Amino acid sequence: MTAVERATDNPGVAHPRLAEFALALGGFGIGTGEFVIMGLMSRVADDLQVAVPDVGYAISSYALGVVVGAPVISSLAARLPRRLLLIGLMLVFALGNIASAFAPGFGSFVLLRFLAGLPHGAYFGVAALVAAAAVPIDERARAVSRVMLGLTTAILIGAPLATWAGNLLGWQIAFSGVGAIALVTALLIRLWVPAQPADPHASPKRELGALVKQRVLFTLGIASIGFGGMFAVFSYVMPTLTRQAGMAEAWGPLVLVVFGLGTILGNLVGARAADKNLMRAIPGILVWCLVVQGLFYVAANSVAWGLLFVGLVGTSMALGPTLQTRLMDVAEDAQTMAASLNHAAFNGANALGAWLAGVTVKLGFPWSSTGLVGAALAAAGLVIFAVGLWVERRRTPTPCRS
């Protein structure tokens with residue numbers, strides 16, 4: 001019996017598209033909360049009395065929360081029903097964002113961004129497993145991409161709208177709105193996502209077993225380093241285009257829209273490529289990332305070319321469904337942990353990319369040097385992929401010839 005047949009036999013899956021919408025809405029809220037700060041860096045810095053590059057610490061703090069939360073939550077909640085876990089994660093995310101809006105100072109703001117990041121990885125991991133379980137095996141990447149479409153749509157619509165509202169009414173309104181979206185998501189998951197029984201054989205020990213599987217670790221290495229280039233560029237895209245290319249700050253929402261279009265395109269194309277030939281898709285996407293992020297260094301001297309390459313850098317999101325699918329293939333019986341760690345690794349890439357880019361700018365290099373940082377990280381991802389493939393082939397027994 002296929003996964004689709006099993007889902008059809010489950011009376012709780014009467015409207016699978018509504019379930020996917022509820023899961024994607026959670027991704028929309030998470031994406032809006034994660035990316036809106038890039039468009040509000042100057043407002044947050046002025047209000048909390050810190051330098052603009054220092055706001056990167058809040059971005060890194062959120063990413064660190066994802067990195068910490070994914071393995072801890074996945075192991076401790078291994079036996080919880082997935083719907084209940086998804087609801088709880090959304091409630092914690094709502095709390096973290098609403099509290100961020102009322103932070104009295106920069107230190108507390110950074111700490112609350114860490115809290116808001118804790119549910120991120122586990123939510124996307126569990127949501128991806130729920131979506132993938134309802135389709136045939138050769139459509140898993142596209143099912144995952146439909147859930148991640150909430151994340152990419154947030155970059156296209158949610159973050160620009162929140163940026164506009166934050167610049168007009170204060171950055172606090174943006175994070176309050178994200179918290180409200182999370183509360184609505186929790187309700188819709190309860191109404192539309194079918195209940196799934198807990199796995200009686202699940203345990204923290206079994207889930208933590210993913211951390212010692214070589215193929216899992218190499219895949220997570222690609223995600224945590226090779227994906228960092230997109231964040232290196234995007235974390236400082238507004239000051240890059242305004243201070244180096246001379247773009248007006250009023251164009252900030254347009255920058256997010258262009259980047260969002262790129263992420264949606266990358267998400268869809270990457271998913272289709274993964275379903276067609278996964279092990280060719282991953283290195284091909286990394287090469288693409290290396291090229292477009294490296295060329296951003298030159299393109300950012302012009303507003304028009306800079307905007308174009310912001311969109312091209314956004315297509316790096318193609319790595320999302322490809323690496324998520326790869327983890328499903330190699331995680332064996334630690335699916336929840338591996339799926340959650342994928343998003344933790346992406347946010348490790350967020351922290352790494354934002355930190356390296358900030359250090360580079362503080363050393364006196366031009367703002368567009370973030371593109372060179374991105375190209376270097378993509379190249380490192382290619383090296384990790386090549387080494388992982390070499391190790392895997394060495395471990396695979398060669399058939400004897402008669």
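Here's what I pulled together on the structure shown here. Residue positions are given per chain, counted from 1 along the sequence in the order it is written. Where totals are concerned, whole chains, interfaces and linings use all residues; where local detail is concerned, this predicted model gives features only for residues with pLDDT of at least 70, and gives and counts side-chain atom pairs only at 80 or more. Just so you know, side-chain values use all the structure's heavy atoms and leave hydrogens and water out.

**Quick look at the overall build of the protein chain**
Comment: elements are numbered from the N terminus, with helices defined as DSSP H or I runs of at least four residues and strands as E runs of at least two. Counting its secondary structure elements, the protein chain contains 19 helices and zero strands. Taken along the three principal axes of its C-alpha coordinates, the protein chain extends 65 × 55 × 30 Å. To sort residues, take the accessible area from a 1.4 Å probe on protein chains only and compare it with the maximum for the residue type: under 20% means buried, over 50% means exposed, and anything in between is partly exposed. Sorting the 402 residues of the protein chain into buried and exposed places 58% on the buried side. In what follows, a contact means two residues having at least one pair of non-hydrogen atoms within 4.5 Å. Long-range pairs, those at least 24 residues apart, make up 85% of the contacts in the protein chain between residues at least 6 apart in sequence. Surface exposure here means Shrake-Rupley accessible area, sampled with a 1.4 Å probe, where a residue is shielded only by the protein chains that are shown. Counting only carbon and sulfur atoms, one obtains 68% of the accessible surface of the protein chain, whose full area is about 16,200 Å².

**Remarks on the layout of surface pockets**
Both site types are read off a 1 Å grid over the protein atoms alone. A 1.4 Å probe that fits but cannot get out defines a cavity, while an open set with protein on both sides within 12 Å along at least five of seven lines defines a pocket; lining residues have an atom within 4 Å of a point. Grid points are joined across faces, edges and corners, and a volume is the space filled by probe spheres set on the points. Taken as a whole, the second largest pocket spans an internal volume of roughly 280 Å³. Residue lining of the second largest pocket: 18 residues in total, with G39, S42, N167, M238 and E249 positioned closest to the centre. Those elements giving two or more residues to the lining of the second largest pocket turn out to be α2 (16–39), α3 (41–48), α8 (140–169), α13 (237–244) and α14 (252–276). In terms of residue count, α13 provides more of the lining of the second largest pocket than any other element does, four residues in total. The nonpolar class holds Ala, Val, Leu, Ile, Met, Phe, Trp, Tyr, Cys and Pro. Asp, Glu, Lys and Arg form the charged class, and all remaining residues, Gly among them, are polar. Counted by class, the lining of the second largest pocket contains nine nonpolar, six polar and three charged residues.

**Some remarks on α2**
Under the convention used throughout, the expected extent of a helix is 1.5 Å for every residue step, that is, one less than its residue count. With 24 residues, α2 should reach 34 Å at 1.5 Å per residue; the first-to-last C-alpha distance of 34 Å fits that figure. At G33, α2 shows its maximal bend, which comes to roughly 25 degrees. In terms of burial, α2 is largely enclosed, as 20 of its 24 residues are buried. Values of bend correspond, residue by residue, to the angle between axes fitted over the seven residues ending at that residue and the seven starting there.

**A closer look at empty space enclosed by the protein**
Scanning all chains against the criterion turns up three cavities of 30 Å³ or more. Looking at the largest cavity, its volume works out to about 100 Å³. Lining the largest cavity, in full, are R215, F218, T219, I222, M279, I282, R326, I384, F385, G388, L389 and E392. Residue assignment for the lining of the largest cavity shows that the elements contributing at least two residues are α11 (214–226), α15 (278–299) and α19 (370–395). At five residues, α19 tops the list of elements feeding residues into the lining of the largest cavity. Among the residues forming the lining of the largest cavity, the class breakdown is seven nonpolar, two polar and three charged.

**A look at helix α6 (residues 106–117)**
End to end, α6 covers 17 Å across 12 residues, agreeing with the expected 16 Å (1.5 Å per residue, within 8%). Along α6, the residues that are buried comprise F106, F109, V110, L112, R113, A116 and G117. All buried residues of α6 lie within an arc of 165 degrees about the axis, which places them on one face of the element. Exposed residues pointing more than 90 degrees away from the buried face of α6 are listed as G107 and L111. Looking at the buried positions of α6, the neighbouring elements they touch are α2, α3, α4 (56–76), α5 (82–101), α7 (120–132) and α9 (171–192). What the arc measures is the spread of directions leading from the helix axis to the C-beta atoms.

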